[in-house]
Structures are given as C-alpha cells and as structure tokens.
Amino acid sequence: MTSEISISLEDFQKLDIRIGKIVKVEDHPNADKLYVLQVDFGNEIGVKTIVAGLKQYIRKKELENKKAAFIINLKPAIIRGIESQGMCLAAGDKSSGVFSLLSPDKNIEEGTRVS
C-alpha cells in the first residue's frame, strides 16, 4: 500500500528531526496510555517534554536512557493537560503490539540532526 499524499522535498526539510536521549519517563497523570518523557537534545536545544502514546507497547525500563529520533519543531500541543514539545518517531503494529522507537545503531550525539 502506498501513501496517497505526496510532499515535496522542501516540505520534508521543514521537519527538524533530531536524536535525543530519554532521561526520564513518567506515567501521564491524566491518561492510562501515555508517558511523559524528558528528552535531552544537548547543549544547543536542551531538555524538552514529549508526551508519547507508547505505554501499552514499551515498558519504562526500555525507554530510559534510550536514544531515538524526535521531531522537535512541531507546534507545542497540550495533551491531557501537559504540553508536549515534539513527537517521538516509532514503528509498529498495533494488532501484534510490537513497537520500536526509531533509534541510531551507533552512539550519535544528542541534538544531531537526522536528514
């Protein structure tokens, strides 16, 4: 199946995708399926709060200290009372419950741009 929507390279380049290190994972106080992540993007960007719907697929232990790809220039959104300052990139299958964060296979510095 292919996507029916095509975007230009210029549109894709508007996304600021960076490698971040998840330094803290908490249960969202107002939602059963959400985590509140504190993600370090290095000195230039700092730490951002990301609300992620991963709770039913990935355990806290698996997320802590993990490096992954995040979109960090999305307009902030209030999700069940907490401001989310980006989005983590993950792949998975809801029917099987198998999910994985998109993460580098080498030790890439926090804040490195994905292109």
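Anything mentioned here points back to the structure above.
Structure report, in brief. From a predicted model like this one, the values you see are computed outputs, not experimental measurements.

**A look at unusual backbone geometry**
Turning to step 1, where the next piece is worked out: The backbone phi angle of N65 is positive, close to 65°, even though this residue is not glycine.
Turning to step 2, where the next piece is worked out: The topology assignment puts N65 in the loop between α2 (60-63) and β4 (67-71).

**Looking at the sheet that holds strand β3 (residues 47-52)**
Turning to step 1, where the next piece is worked out: A sheet is described by the order of its strands in space; here five strands give the open sequence β3-β2-β1-β4-β7, paired in antiparallel fashion. On the outer flanks of this sheet lie β3 and β7 (87-88), each paired with one strand and no other.

**Quick notes on a nonpolar patch on the surface**
Turning to step 1, where the next piece is worked out: Residues I5, I7, L9, F12 and L15 make up a contiguous nonpolar surface patch of roughly 500 Å² in combined accessible area.
Turning to step 2, where the next piece is worked out: Its place among the elements puts L9 in helix α1 (residues 9-13).

**Details of the pattern of salt bridges**
Turning to step 1, where the next piece is worked out: One pass over the full model with this rule turns up eight salt bridges.
Turning to step 2, where the next piece is worked out: K14 is the partner of D11 in a salt bridge, and the nearest nitrogen-oxygen pair spans 3.3 Å.
Turning to step 3, where the next piece is worked out: According to the relative accessible area criterion, D11 is partly exposed, its value standing at 36%.
Turning to step 4, where the next piece is worked out: Residue K14 is classed as exposed on the basis of its relative accessible area, which comes to 58%.

**Topic: the side chain of R18**
Turning to step 1, where the next piece is worked out: On the secondary structure map, R18 appears in strand β1 (residues 17-27).
Turning to step 2, where the next piece is worked out: What makes R18 buried here is its relative accessible area of 8%.
Turning to step 3, where the next piece is worked out: A distance of 2.6 Å separates the side chain of R18 from the side chain of D16, its partner in a polar contact.
Turning to step 4, where the next piece is worked out: Among all residues touching R18, those that are not within four sequence positions of it are F41, E44, I45, A68, A69, F70, I72, G111, T112, R113 and V114.

What counts and what doesn't
- Residues numbered from 1 in each chain as written.
- Predicted model: local features only at pLDDT ≥ 70, side-chain atom pairs only at ≥ 80, totals over all residues.
- Heavy atoms only, no water.
- Helix = DSSP H or I, 4+ residues; strand = E, 2+ residues; numbered from the N terminus.
- Pairing = 2+ DSSP bridges.
- Patch = residues over 30% accessible without salt bridge, like charges linked within 9 Å, V, L, I, M, F, W, Y side chains within 5 Å.
- Areas by Shrake-Rupley, 256 points an atom, 1.4 Å probe, with all protein chains shown as cover.
- Salt bridge = Lys/Arg side-chain N within 4 Å of Asp/Glu carboxyl O.
- Buried < 20%, exposed > 50% of the residue type's maximum accessible area, 1.4 Å probe, protein only.
- Polar contact = N/O pair within 3.5 Å; in protein donor to acceptor, adjacent residues only side chain to side chain.
- Contact = heavy atoms within 4.5 Å.

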